[in-house]
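For reference, the chains in residue letters:
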Amino acid sequence: MARPSHLLLIFLSVFLALPPETTQLQASQAWTLLKIQQLLNHPPMLSHWRSGTDFCGGGSTGPSGTAAVVCYGDTVTQLHIAGAAGSPPLPKNFSIGTFVTTLSRLPDLKVLILSGLGLWGALPGKLGRLAALEIVSVSGNYISGGIPRGMSRLVGLQTLVLDDNMLGGEVPAWIGTLPSLAVLSLRNNSLQGAVPESIGRMPSLRSLVLASNNLTGNLPDMSRLTNLQVLDVGGNSLGPAFPRLGRKVVTMVLSWNKFGGGLPAELSSFYLLERVDVSWNRFVGPFTPALLSLPSLRFLSIAGNRFTGTLSDKAPCGDNLRYIDLSSNLLMGSVPACLASPDRKRDKVVLIAANCLDNGDGSQHPSPFCQTQALAVGIVPGKERKSVAGKEGFVAGVVAAVLVAVSVVGVMVFFAVRKVTVKGAKARALATSVEEHASSASSGYPSKLLADARYISQTVKLGALGIPSYRSFSLVELEAATNNFENSYLVEQDSHGEMYRGRLGNGTPVTIRTLKIKRRQSTQSFNRHIEMISRLRHQNLVSALGHCFEYDLDDSTVTQLYIVFEYVQNGNLRSRISRKFSVPLAFISITLTIRSLTVKLFSELKFTRRN
């Protein structure tokens, strides 16, 4: 039997797979079919089944559903029973265990379709007794629990469809051991956890549909699945890494997840792609216009991300492109003529709202909006992604209380010096110099921090001492460092925000402080203070490594501030200073907190223990 590539072929197999046989069906199997009718509470589509019915003579179709039995010789090989969508659950006396036991009396069954019949309960592992099964579709029911391990005995299984049920638990790793499985569809259930790595080792897999579940984490490496044509994992919490895929993919749906970073450059060479939907994720960075010209592409949606770049009206489009959604990104430039011209738009759906494009219809943001947003996530529009810490007007930071913080640090260092060694004098001198600098900076600030030659010189010196440089972080980096700010990474929480521990992509352990920002606070008021805290650096002080900001998409105001510090384990300032001769003045930990977000934003700085 030929392997089906999608669900439609399952139903066509009723008529095309095997011709009806007129041989008398075994009496035991006829009895089994009548028992199935009884257990299903005599559904309307089986109303013609009676004792003496020629079950193998063909099927029936009506408004309430369809039914068909296909036989080979005197045994049943295919059973198709499909009810109406949204059928209510079967009565309370229904037992799915008894139902599956009855089905097992059809040992030659190869195709089993039971959709929309109101089946409920946990799927029994005894379904694995039907060793000849090649196609199983039990969709549109109320099946709960997990996918039973007993089904791992179905070594000849080619298609497994369990869509629109109430399945829970994780996708079992043993599914990846089914050697012939070509179609796996578990859409619209309550599955959770990560997709098992074994999925990436299924050479026969052609269609993988896991949409509308609660799956998390990165997808396994599927670059070796040379037959994979359909990948649909929309509506989960997968990411942030973009999945690795083979070049035969035709449909790729990643929408409504947590994928981040940029689209891989090789995607523009996937010439068989017909449908690409990466909308409503956390992608950032340049959009590749070459995607528009893929020869087979019919559907493209990148809506609801942070893609940047300047489009050209001369960018080409593929002849088959019919649906394009570029809305709610940070794109600039002109709409490609192949999308904008009236004669080209007649047979296309083109959505471009909420960018910064020059189309003059009032649906676009002004150009500075996209520039601000791009800098907020560490992107320079029109260029490769890079750090842009300190750019005027777009980078914000900790405010006036930093001055108080510096004074406190100076006092504490002063007393510590008197108790410890002469080495503390350097720390006191540093605190004093920083305080003096803060006083002078209160009346003005440089227009471009990274262009300040003195700051660059200081950064070089600090680097020589082993002190890490200060930079801007993207939200994607911080989410990856804390596993999307998972509760297990939470160190402390107060009315102003949270403190998380995390690990950057290069392995550096960090502490991340999140602070809420009120709308009335201007962006310009942040600049001189972010410069101040970035320069408060010494080999005996825990340093701030950088910051990140979230912006409101509507008015470009800062809504959330993230400050990234070095992470120091074990102990606090008091315990460190008390170790006079072993670790003098090492690892002074500074934690910034907000007591009142008024015009000054912050009014208190306190030292907290780094756990």
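Procedures and definitions
Residues numbered from 1 in each chain as written. Predicted model: local features only at pLDDT ≥ 70, side-chain atom pairs only at ≥ 80, totals over all residues. Heavy atoms only, no water. UniProt positions renumbered as here; feature names shortened; annotations may be inferred. Buried < 20%, exposed > 50% of the residue type's maximum accessible area, 1.4 Å probe, protein only. Helix = DSSP H or I, 4+ residues; strand = E, 2+ residues; numbered from the N terminus. Arc of directions from axis to C-beta. Contact = heavy atoms within 4.5 Å. Pairing = 2+ DSSP bridges. Disulfide = S-S within 2.5 Å. Phe/Tyr/Trp six-rings, centres within 6.5 Å; stacked < 30°, edge-to-face > 60°. Lys NZ or Arg CZ within 6 Å of the ring centre and 35° of its normal. Core = buried A, V, L, I, M, F, W, Y, C linked by side-chain atoms within 4.5 Å.

In the nomenclature of an unreviewed UniProt entry, the chain is known as Protein kinase domain-containing protein of Arundo donax. According to the UniProt record, the Subcellular location (unreviewed entry) comment for the chain reads "Membrane".

Colleague: Let's hear about helix 3 (residues 96-103): which residues, and what values?
Modeller: For helix 3, the full list of buried residues reads Ile 96, Phe 99, Val 100, Thr 102 and Leu 103. Along the axis of helix 3, the buried residues cluster in a sector spanning 155°; they form a single face. On its buried face, helix 3 is in contact with helix 2 (27-39), strand 3 (75-83), strand 4 (111-115), strand 5 (120-122) and strand 7 (142-145).

Colleague: Can you lay out the pairing of strand 29 (residues 509-516) for me, pointing to particular residues and giving the numbers?
Modeller: Across the eight residues that make up strand 29, a large majority, six, are buried. Hairpin geometry of strand 28 (residues 497-503) and strand 29 is characterised by an intervening segment of five residues between the two adjacent antiparallel strands and by a positive phi of about 95° at Gly 507.

Colleague: Let's hear about the state of the cysteines: which residues, and what values?
Modeller: A full pass over the atoms with the stated rule returns three disulfides. Each disulfide pairs two cysteine sulfurs, and for Cys 356 the partner residue is Cys 370, the sulfurs being separated by 2.0 Å. Taking the sign of the S-S torsion, 95° for the link of Cys 356 and Cys 370, the bridge is right-handed. Taken together, the positions of Cys 356 in strand 25 (residues 356-357) and Cys 370 in helix 6 (residues 367-376) put the pair 14 residues apart, joining distant regions of the chain. Each member of the pair, Cys 356 as well as Cys 370, is classed as buried. The connectivity of the disulfides in the chain is 1-2, 3-4, 5-6, where the numbers refer to bonded cysteines in sequence order.

Colleague: Give me the lowdown on the packing of aromatic side chains, citing residues and values where you can.
Modeller: Two descriptors summarise a pair of aromatic rings, namely the distance from one centre to the other and the angle between the planes of the rings. In this structure the tally under the stated criterion is eleven aromatic pairs. Ring geometry for Trp 49 against Phe 55: centres 5.3 Å apart, planes inclined by 85°, an arrangement best described as edge-to-face. With respect to burial, Trp 49 and Phe 55 carry one shared label: buried. Ring pairing ties together the aromatic residues Phe 242, Phe 259, Phe 283, Phe 287 and Phe 307, which thus form one cluster. The side chain of Arg 275 reaches across the aromatic face of Phe 299, ending 3.9 Å from its centre.

Colleague: Could you give an account of the nonpolar core, naming the residues involved and the relevant values?
Modeller: By size, the foremost hydrophobic cluster in this structure holds 98 residues, and its most contacted members are Leu 33, Leu 79, Ile 81, Leu 119 and Phe 287. Elements with a minimum of two residues in this core: helix 2, strand 2 (65-72), strand 3, helix 3, strand 4, strand 21 (306-311) and helix 4 (337-340). Filtering out sequence-adjacent residues up to four positions away, Leu 119 remains in contact with Leu 40, Leu 90, Phe 94, Phe 99, Leu 114, Val 138, Asn 141, Tyr 142 and Ile 143. Counting 13 residues, the second largest nonpolar core, distinct from the first, contains Leu 475, Phe 485, Tyr 500 and Leu 545.

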